[in-house]
Amino acid sequence: MNEMSRLSVALPPDAAPELVEDVDFDDERQWMSGGENIWIRPLFFNVLQGMWVNILKAKGEGVISRHRHPAPVTGYTLEGTWGYVEHDWIARPGTFIYEPAGETHTLFAKGEAGHMTVLFHNFGPILYVDENGQQTGFEDVFTRLDKYRNHCRSVGLGDDFVQKLIR
Ligand code: FE
């Protein structure tokens, strides 16, 4: 035990344990498909508040169909270039974005680099919409958790791999 840890204050008894997760970018089993040319590595599922955090990787023509965010999203670009069809800006490594509640957009990875790796924090569900803004489907922390659990079972990582990401 070092000096710092001896000085630290004990957690309140009702506090949840911290979550510390190492991502292996080379272990394909950790990445589930998010559509054509898109891979998702969940890091945190918050089932009390309906939030989740994941890394999204996309290559070439990677596109995420048009969707509305009833709750905010933050994103931090680790690699590549990407943007939204509905906006003029292009995010590059180091670019942070905050999308307020109510945003509707279509993500594309093509950009200059032809790929992207971005850390996203979704503060609530995603509503998939058509060209007229009519809802066609949704994703929330529970559907996302379900998908990743099924994925981890199918590649042999097992349920514990997912369970440790839930608070
Ligand atoms: Fe989005």
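Read across the open sheet, the six strands follow the order E1-E2-E3-E9-E5-E7; overall the sheet is antiparallel. A single partner strand is all that each edge strand has here, and the edge strands are strand E1 (32-33) and strand E7 (96-99). When strand E2 (residues 38-46) meets strand E3 (residues 51-59), the two strands line up antiparallel, connected through eight bridges. Bridging from a neighbouring strand, Trp39 pairs with Lys57 of E3. Docked against the sheet, helix H2 (residues 141-155) engages E1, E2 and E3, running at close to 115° with respect to E2.

In this structure the tally under the stated criterion is seven aromatic pairs. On the basis of an interplanar angle of 40° and a centroid distance of 6.4 Å, the ring pair of Phe45 and Tyr148 is categorised as tilted. One end of the pair, Phe45, is in strand E2; the other, Tyr148, is in helix H2, with 103 residues separating them in the sequence. Residue Phe45 is classed as buried on the basis of its relative accessible area of 0%. Judged by its relative accessible area of 0%, Tyr148 is buried. A ring pair is formed by Tyr84 and Trp89, whose centres lie 5.4 Å apart and whose planes are at 85°; its orientation type is edge-to-face.

As a further point, take a nonpolar patch on the surface. The grouping of Phe25, Tyr76, Leu78, Phe96, Tyr98 and Leu119 at the surface amounts to a nonpolar patch, some 590 Å² of accessible area in total. Every element with two or more residues in the nonpolar patch is listed here: strand E5 (73-80) and E7. Within the secondary structure, Leu119 is located in strand E9 (residues 115-122).

Before going further, it helps to examine the coordination of the iron ion. Within the protein, the atoms that donate to the iron ion are His67 (NE2), His69 (NE2) and His105 (NE2), at distances of 2.1 Å. Summarised as a motif, the one-chain spacing of the donors to the iron ion is H-x1-H-x35-H. In this pair, His69 sits in the loop between strand E4 (63-68) and E5 while His105 sits in strand E8 (residues 104-108), placing the two residues 36 residues apart along the sequence. An identical accessibility class is assigned to His69 and His105; each is buried.

Tracing the backbone through its elements, the reader meets Asp27 in the loop between helix H1 (3-7) and E1. Assessed through its relative accessible area of 14%, Asp27 is described here as buried. Among the polar contacts made by the side chain of Asp27, one reaches the side chain of Arg29 at a distance of 2.9 Å.

In this section: the sheet that holds strand E11 (residues 135-139). As summarised here, the arrangement of the five strands in space is E6-E8-E4-E10-E11, forming an open sheet in which the pairing is antiparallel. The open sheet has two edge strands, strand E6 (83-84) and E11, and neither has a second partner. One ladder, built from two bridges, connects E4 with strand E10 (residues 126-129); its direction is antiparallel. Note that in E10 the partner of His67 across the bridge is Tyr128.

Calculation rules
Residues numbered from 1 in each chain as written. Predicted model: local features only at pLDDT ≥ 70, side-chain atom pairs only at ≥ 80, totals over all residues. Heavy atoms only, no water. Pairing = 2+ DSSP bridges. Helix = DSSP H or I, 4+ residues; strand = E, 2+ residues; numbered from the N terminus. Contact = heavy atoms within 4.5 Å. Axes fitted to C-alpha atoms, helices over the stretch in contact; angles between N-to-C directions. Phe/Tyr/Trp six-rings, centres within 6.5 Å; stacked < 30°, edge-to-face > 60°. Buried < 20%, exposed > 50% of the residue type's maximum accessible area, 1.4 Å probe, protein only. Patch = residues over 30% accessible without salt bridge, like charges linked within 9 Å, V, L, I, M, F, W, Y side chains within 5 Å. Areas by Shrake-Rupley, 256 points an atom, 1.4 Å probe, with all protein chains shown as cover. Salt bridge = Lys/Arg side-chain N within 4 Å of Asp/Glu carboxyl O. Donors = N, O, S within 2.8 Å, 3.2 Å for Na, K, Ca; no water. Polar contact = N/O pair within 3.5 Å; in protein donor to acceptor, adjacent residues only side chain to side chain.

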